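Secondary and tertiary structure notes
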Amino acid sequence: MFITNDIKYLGVNDHEIDLFEGQYEVPNGMAYNSYVVCDEKTAVFDTVDADFTKIWLNNLEEALSGKSPDYLIVQHMEPDHSAGIHIFMDKYPKARIVATAQAFRMMKQFFGEEFEERRIVAAEKSTLSLGRHTLTFVTAPMVHWPEVMVTYDDADKVLFSADAFGKFGALDVDEDWACEARRYYIGIVGKYGMQVQSLLKKAAGLDIRKICPLHGPVLTEDLGYYLNLYNIWSSYGVESEGVMIAYTSVYGHTKMAAELLAESLEKKGCPKVVISDLARTDMAEAVEDAFRYGKLVLATTTYNMDIFPFMKQFIEHLTERNFQNRTIGIIENGSWAPAAARTIKKMLENSQNITYTETNVTIRSALTEENKAELARLADELLL
C-alpha cells in the first residue's frame, strides 16, 4: 500500500490477540505498523510484533523489489514494534540502525547487543538525508517510553509519530477513530499529558500533511481534528459536556440511587449521561468516559471500612493517569458507619483542580424519601 509515491506501508493486522499489553480488550484486533521510504537511500521505520515478523519481512521484500534497505529507524522499543530488529539486522548486514541513545541501551537489554559498529545515534533535530527526503528526528521522551522519538519527512510532509495518534483495532476493520483512539490514549499514554503537550508544541512548527502512527490508520485528512483531540486529552480538558455516573452496588440500593440520578439528569436536559456498573463494565471503557466528560459521580458502598474493590480500582486508574480538572459528586452507602465519601476524597487529595458538589448523598442501607430529594438536588447542581 502506497502512503505517498515514495512511502509504502509494511504493517500487519493481528486478529489473534485478545488482550493488548495483557490488559486491554481489543475485539477488533490490533495493527502493528511499519513503513519504508524509498529514495536514493532506503529507510525502514520500525518492525512489528514477534508473531508477525515473517509476514513483515515478506512485505518488506515485496516493497523493496530486490533492493536492500540502508537504514532501520527505531522510534520505539516496546516489543510490539521492536521484536524484529535483530532478525532485520542479521538479514541485511549492510544496513545501519538509527535510534536514540536510550533505545540502544534497551536493545542491549532485549537482544544482548547495541549494534555498536552499525549504529547512528539520533539526537534532538538531528537529520538523515535519503536523497530527496531528509528525515528530522524529534525526541519524545515518555510518550510513552523514555527512548521514544518521532520523525519528520520534509519532502512528503509526513510525521512518523511512533505510538502517538495510535488506536486499538486492526486496519481491516471499519470503526470510529476517536472512540478507540481515546481508550488507547487514556489507558496507555494518559499519565504523560505534560510530555504529550511538549511534543504537540514541537509538531506545531512543522508542515504536516500526513501522520503515520505505529498503531491505527494513517491520518491524511482534517489533521486539525486529531491534533485538537490530542490537545484536549493531554491537557486533561473536557472533551464532551455531560455526566458520568460510576457505581458499585452489593444488594442493589446504590445501583438504584445511581439510576435515579441518571433519570433525573436526563429529564432535566443533561446533554449526555453515561452510567457504568464498575463490576461489569470494561474498566478501560469506564476510565475513558471519566476523562471524556466534565462531571463525574462516584456511587459506592462502604466495604471493610474502605470502599468497594471495583470502585477503589477505578479511582486508582484515574489517579495513576493524573485525573484532574473535574467536578465530582459522591453517593455513599453504609448500614452502620458510612466511610466511602471520606475515603474517596482521601484517594483524590493529590488530584489537581477537583471541585466537589455541595450535595453529597449518604444512604444508610436503603433509599429514603430524603435521599431521593438529595439526588434531585445533586442533579440540579451537576447541571449548573
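All values reported here derive from a predicted model rather than from experimental measurement. (Residues numbered from 1 in each chain as written. Predicted model: local features only at pLDDT ≥ 70, side-chain atom pairs only at ≥ 80, totals over all residues. Heavy atoms only, no water.)

1. Brief notes about the layout of surface pockets
Our working definition: As defined here, a cavity is a set of points on a 1 Å grid over the protein atoms alone where a 1.4 Å probe fits but cannot get out. A pocket is an open set with protein on both sides within 12 Å along at least five of seven lines, and residues line them when an atom is within 4 Å of a point. Grid points are joined across faces, edges and corners, and a volume is the space filled by probe spheres set on the points. Secondary structure elements follow DSSP: runs of H or I no shorter than four residues count as helices, runs of E no shorter than two count as strands, and numbering proceeds from the N terminus. We call Asp, Glu, Lys and Arg charged. Ala, Val, Leu, Ile, Met, Phe, Trp, Tyr, Cys and Pro are nonpolar, and the rest, Gly among them, are polar.
Estimated volume of the largest pocket: approximately 310 Å³. Lining the largest pocket are 17 residues, and of these Thr301, Thr302, Asn333, Gly334 and Ser335 lie nearest its centre. Those elements that place two or more of their residues in the lining of the largest pocket are α8 (253–267) and β18 (293–303). With three residues, β18 is the single largest residue contributor to the lining of the largest pocket. Among the residues making up the lining of the largest pocket, the classes are represented as six nonpolar, eleven polar and no charged. Lining the second largest pocket are 16 residues, and of these Asn322, Phe323, Gln324, Asn350 and Gln352 lie nearest its centre. Of the residues forming the lining of the second largest pocket, the biggest block, three residues, is contributed by helix α6 (residues 193–203).

2. Focus on unusual backbone geometry
So the rule is basically this: Categorising residues by exposure relies on relative accessible area from a 1.4 Å probe, with only protein chains included: less than 20% of the type maximum marks a residue as buried, more than 50% marks it as exposed, and the intermediate range marks it as partly exposed.
Residue histidine 144 is bonded to the preceding valine 143 through a cis peptide linkage, with omega at 5°. With respect to the element layout, histidine 144 can be found in the loop between β12 (134–139) and β13 (149–153). Of note in this structure, tyrosine 236 is not a glycine but carries a positive phi near 60°. Its place among the elements puts tyrosine 236 in the loop between α7 (223–234) and β16 (240–247). The exposure class of tyrosine 236 is buried, given its relative accessible area of 7%. In this structure, methionine 305 is a non-glycine residue whose phi angle is positive, near 60°. Mapped onto the secondary structure, methionine 305 falls in the loop between β18 and β19 (306–307).

3. As for the side chain of glutamate 78
Rules: In protein, a polar contact means a hydrogen-donor-capable atom and an acceptor-capable atom, both N or O and within 3.5 Å, with residues adjacent in sequence counting only if both atoms are side-chain atoms; elsewhere, any N or O pair within 3.5 Å suffices.
As for its placement among the helices and strands, glutamate 78 is situated in the loop between β8 (71–73) and α2 (79–82). A polar contact is formed between the side chain of glutamate 78 and the side chain of histidine 76, at a distance of 2.9 Å.

4. Considerations on helix α12 (residues 369–382)
Going by this rule: Here, expected helix span is obtained from the residue count minus one, scaled by 1.5 Å. For this analysis, residues touch if any pair of their heavy atoms sits within 4.5 Å.
For α12, with 14 residues, the first-to-last C-alpha span of 20 Å sits near the 20 Å given by 1.5 Å per residue. Lining the buried residues of α12 we find β16, α8, β18, β20 (326–333) and β22 (361–363).

5. A word on the sheet that holds β13
Using the following cut-off: Two strands are counted as paired when DSSP detects at least two bridges linking them. Axes here mean lines fitted to C-alpha atoms, for a helix over just the part in contact, with angles spanning 0 to 180 degrees between N-to-C directions.
Within the open sheet, the five strands sit side by side as β11-β12-β13-β14-β15. Their pairing is mixed. Two strands bound the open sheet, and with one partner strand each, they are β11 (127–129) and β15 (210–212). With direction set aside, neighbouring strand axes in the sheet form an average angle of 20°. In this structure, β13 lies alongside strand β14 (residues 158–160), joined through three bridges in antiparallel fashion.

6. Regarding the pattern of salt bridges
Oppositely charged side chains are able to pair whenever their charged atoms sit close together. The following threshold applies: Put simply, a salt bridge is a Lys or Arg side-chain nitrogen that is within 4 Å of an Asp or Glu carboxyl oxygen.
Tallied over the entire structure, the rule returns 19 salt bridges. With a shortest N-O distance of 2.9 Å, glutamate 180 and arginine 183 are connected by a salt bridge. Pair noted here: glutamate 180 and arginine 183 are both in helix α5 (residues 177–189), with a separation of three residues, about one helical turn. Here glutamate 180 and arginine 183 have matching classes, each one buried. The residue aspartate 207 makes a salt bridge to arginine 209 at a minimum N-O spacing of 2.8 Å. Looking at arginine 209, the relative accessible area reads 47%, which means it is partly exposed. Connected through salt bridges with shared partners, the residues Glu180, Arg183, Asp282 and Glu285 form a single ionic network.

7. Quick word on the nonpolar core
For clarity, the threshold we go by: Among the buried residues, those of types Ala, Val, Leu, Ile, Met, Phe, Trp, Tyr and Cys that are joined through side-chain atoms within 4.5 Å form a nonpolar core.
In terms of nonpolar packing, the biggest core is built from 92 residues, with Phe20, Met107, Leu296, Leu298 and Phe314 touching the most fellow members. The element that contributes the greatest number of residues to this core is α5, accounting for eight residues. With sequence-adjacent residues up to four places away left out, leucine 296 is seen in contact with Met244, Ala246, Ala290, Phe314, Leu318, Phe323, Thr327, Ile328 and Gly329.

8. Brief notes about the pairing of β13
Taken across its five residues, β13 has five buried, putting it largely inside the fold. Looking at chain direction, β12 and β13 are connected through five bridges and run antiparallel. Counterpart to leucine 135 in the pairing with β13 is aspartate 153. Hairpin remark: β13 followed by β14, antiparallel, with four residues in the connecting loop; positive phi at lysine 157, about 55°.

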